[in-house]
Amino acid sequence: PDGGDAVRLTAPYPNPFTDEVTLHFETDAAAGIGVKLYDLLGREVYAVPSRSFAAGRHLIRVRPGLAGGVYLLRLVADDGRRQRLLHKMIVAAD
C-alpha cells in the first residue's frame, strides 16, 4: 500500500542492452525519483541522482557504461523512503 502515491515502473527496454536503456515509469503524484543499479553481489555500481517529476508518465534514458553481465535496477522514490520493485537487466558484452 502506497497511501495513494503509487509509482509504477515498466520493464526496462531494450533488455538486454549494450549502451543505453530506457526506463518508463508513472507516478500518481509529484515525487523525487532516482535510479540505482546493483551488481549481483548487491554493490551499487551506478546511480542517477533523484530529481522531481510531476504526476504522470515519464522516461529516463540511462547510459551506465557497465561491463557485460546481469544487474539489478531499483527505482527510488521520495528520497529513498519508498523503493520500487527490482528489475533484472542484462548488459550485452561488446
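This report concerns the structure included in the present document. (Residues numbered from 1 in each chain as written. Predicted model: local features only at pLDDT ≥ 70, side-chain atom pairs only at ≥ 80, totals over all residues. Heavy atoms only, no water.)

1. Digging into the pairing of strand 3 (residues 31–38)
Argument step 1. In terms of burial, strand 3 is a largely internal element, 7 of the 8 residues being buried.
Argument step 2. Relative to strand 4 (residues 44–53), strand 3 runs antiparallel, the two being bridged by 7 bridges. Residue pairing for strand 4: A31 is matched across the bridge by F53.
Argument step 3. What sits between the antiparallel neighbours strand 3 and strand 4 is a turn of 5 residues, in which G42 has the positive phi angle 85°.
Argument step 4. Note: strand 3 against strand 6 (residues 69–77), 6 bridges, orientation antiparallel. Within the sheet, the bridge partner assigned to V35 lies in strand 6 and is L75. (Buried < 20%, exposed > 50% of the residue type's maximum accessible area, 1.4 Å probe, protein only. Helix = DSSP H or I, 4+ residues; strand = E, 2+ residues; numbered from the N terminus. Pairing = 2+ DSSP bridges.)

2. Here we look at the packing of aromatic side chains
Argument step 1. If you walk through the whole model with that rule in mind, you get 1 aromatic pair.
Argument step 2. When the ring of F25 is compared with that of F53, the centres are 5.1 Å apart and the planes differ by 90°; the resulting orientation is edge-to-face. In this pair, F25 sits in strand 2 (residues 21–27) while F53 sits in strand 4, placing the two residues 28 residues apart along the sequence.
Argument step 3. Look at F53 and you get buried, because its relative accessible area is 7%. (Phe/Tyr/Trp six-rings, centres within 6.5 Å; stacked < 30°, edge-to-face > 60°.)

3. As for the nonpolar core
Argument step 1. Within the largest apolar cluster, 20 residues are counted, with the highest numbers of intra-cluster contacts made by L23, F25, I33, L73 and L75.
Argument step 2. Those elements that provide at least two residues to this core are strand 1 (7–9), strand 2, strand 3, strand 5 (56–62), strand 6 and strand 8 (87–91).
Argument step 3. Other than its neighbours up to four places away in sequence, L23 contacts L9, P12, V35, H58, L59, I60, V62 and L73. (Core = buried A, V, L, I, M, F, W, Y, C linked by side-chain atoms within 4.5 Å. Contact = heavy atoms within 4.5 Å.)

4. Looking at the sheet that holds strand 5
Argument step 1. In space, the 3 strands of this open sheet follow the order 1-2-5, with antiparallel pairing throughout. At either end of the open sheet lies a strand with only one pairing partner, and these are strand 1 and strand 5. Pairwise comparison of adjacent strand axes, ignoring direction, gives a mean angle of 25° for this sheet.
Argument step 2. As defined by bridge partners, strand 1 adjoins strand 2 across 3 bridges and the pair is classed as antiparallel. In the strand pairing of strand 2, L9 is matched with F25. (Axes fitted to C-alpha atoms, helices over the stretch in contact; angles between N-to-C directions.)

5. Thoughts on unusual backbone geometry
Argument step 1. Cis rather than trans, the peptide bond between Y13 and P14 has omega equal to -10°.
Argument step 2. Within the fold, P14 resides in the loop between strand 1 and strand 2.
Argument step 3. The linkage connecting N15 with the following residue, P16, adopts the cis geometry, with an omega of 10°.
Argument step 4. Inspection of the secondary structure assignment puts P16 in the loop between strand 1 and strand 2.

Any link to function would need more than the numbers given here.
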